[in-house]
Amino acid sequence: MPPAQRTRLLAALAAALTIAAGLTVRAVTGGWFGKYAGDALYTVLVYALIVLVWPRITPARAALGALAFSWAVELAQLTPVPAALSEVSVVARLVLGSTFGAADLVAYAAGAALVASAHTLLRRRREHHPEPVTTPP
């Protein structure tokens, strides 16, 4: 399998697992941990989607893109638009939220840093243990 295709497959799997983790965190935890873990996972999901679209992107650039998107959504909550959309759509509430929280910005940064670190470690491991090249008979 070509590297870009393998990266896309892994990014799609990571996105699905991140959604499952986010729903699980919401279902079984509460309080500050559930809230901020969900925020961090939001940025992890955005990161996975960026890698899915651009499989050759560096972890640092993917993290910056995911963080910029997450922060833009959070800062948009300073306007009435996300709250109004969230009232009429569950999807809008999940994607856009409704109320600004400065601490959310920190949780997004933590999610971006953690996922970029994990991605970097996986890339280094693959570089040190490349798949054998097979030639057709």
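Residues numbered from 1 in each chain as written. Predicted model: local features only at pLDDT ≥ 70, side-chain atom pairs only at ≥ 80, totals over all residues. Heavy atoms only, no water.

For helix α3 (residues 59–76), with 18 residues, the first-to-last C-alpha span of 25 Å sits near the 26 Å given by 1.5 Å per residue. Within α3, the full set of buried residues consists of P59, A62, A63, A66, L67, S70, V73 and E74. The buried residues of α3 all sit within an arc of 125° when viewed along its axis, so they share a single face. Exposed and facing more than 90 degrees away from the buried side of α3 are R61 and L64. Structurally, α3 contributes buried residues whose contacts are with α2 (31–53), α5 (90–96) and α6 (102–128). (Helix = DSSP H or I, 4+ residues; strand = E, 2+ residues; numbered from the N terminus. Expected span 1.5 Å × (residues − 1). Buried < 20%, exposed > 50% of the residue type's maximum accessible area, 1.4 Å probe, protein only. Arc of directions from axis to C-beta. Contact = heavy atoms within 4.5 Å.)

Relative orientation of the contacting elements helix α1 (residues 3–28) and α2 amounts to 165°, with a least axis distance of 8 Å. In terms of orientation, α1 and α2 fall into the roughly antiparallel class. Crossing of α1 against α2: the hand is left-handed. In this structure, α1 uses T7, R8, A11, A12, A14, A15, T18, I19, A21, G22 and V25 to contact α2, whose residues at the interface are G34, A37, G38, L41, V44, L45, A48, L49, V51, L52 and V53. (Axes fitted to C-alpha atoms, helices over the stretch in contact; angles between N-to-C directions. Parallel < 35°, antiparallel > 145°, perpendicular 65-115°, else oblique. Left-handed = near helix turned anticlockwise from the far one by under 90°.)

The next point concerns the nonpolar core. Membership of the largest hydrophobic core comes to 18 residues, with the highest contact counts inside it found for Y47, I50, V51 and A62. Every element with two or more residues in this core is listed here: α2, α3 and α6. With 6 residues, α2 is the single largest residue contributor to this core. Setting aside its immediate chain neighbours within four residues, I50 contacts I57, A62, G65 and A66. (Core = buried A, V, L, I, M, F, W, Y, C linked by side-chain atoms within 4.5 Å.)

Next up on the list: the environment of A102. Mapped onto the elements, A102 comes out in helix α6. Between the C-alpha atoms of A102 and W54, which are 48 residues apart in sequence, the distance is 30 Å.

Relative to the helices and strands, V53 is located in helix α2. Taking the C-alpha atoms as reference, V53 lies 7.5 Å from R8; in sequence the two are 45 residues apart.

This brings us to the layout of surface pockets. Unfilled space is identified by rolling a water-sized probe across the atoms. Estimated volume of the largest pocket: approximately 850 Å³. Together, 28 residues line the largest pocket, and R26, G38, Y42, R93 and L94 are the ones closest to its centre. Residue contributions to the lining of the largest pocket peak at 9 residues, all from α2. The residue inventory of the lining of the largest pocket, partitioned by class, reads 13 nonpolar, 9 polar and 6 charged. Of the pockets and cavities examined, the second largest pocket occupies roughly 590 Å³. Forming the walls of the second largest pocket are 22 residues, and the residues nearest its centre are T7, L10, A11, H119 and L122. (1 Å grid on protein atoms, 1.4 Å probe; cavity = no way out; pocket = protein on both sides within 12 Å on 5 of 7 lines; lining within 4 Å. Points joined across faces, edges and corners; volume = space filled by probe spheres on them. Nonpolar A, V, L, I, M, F, W, Y, C, P; charged D, E, K, R; others polar.)

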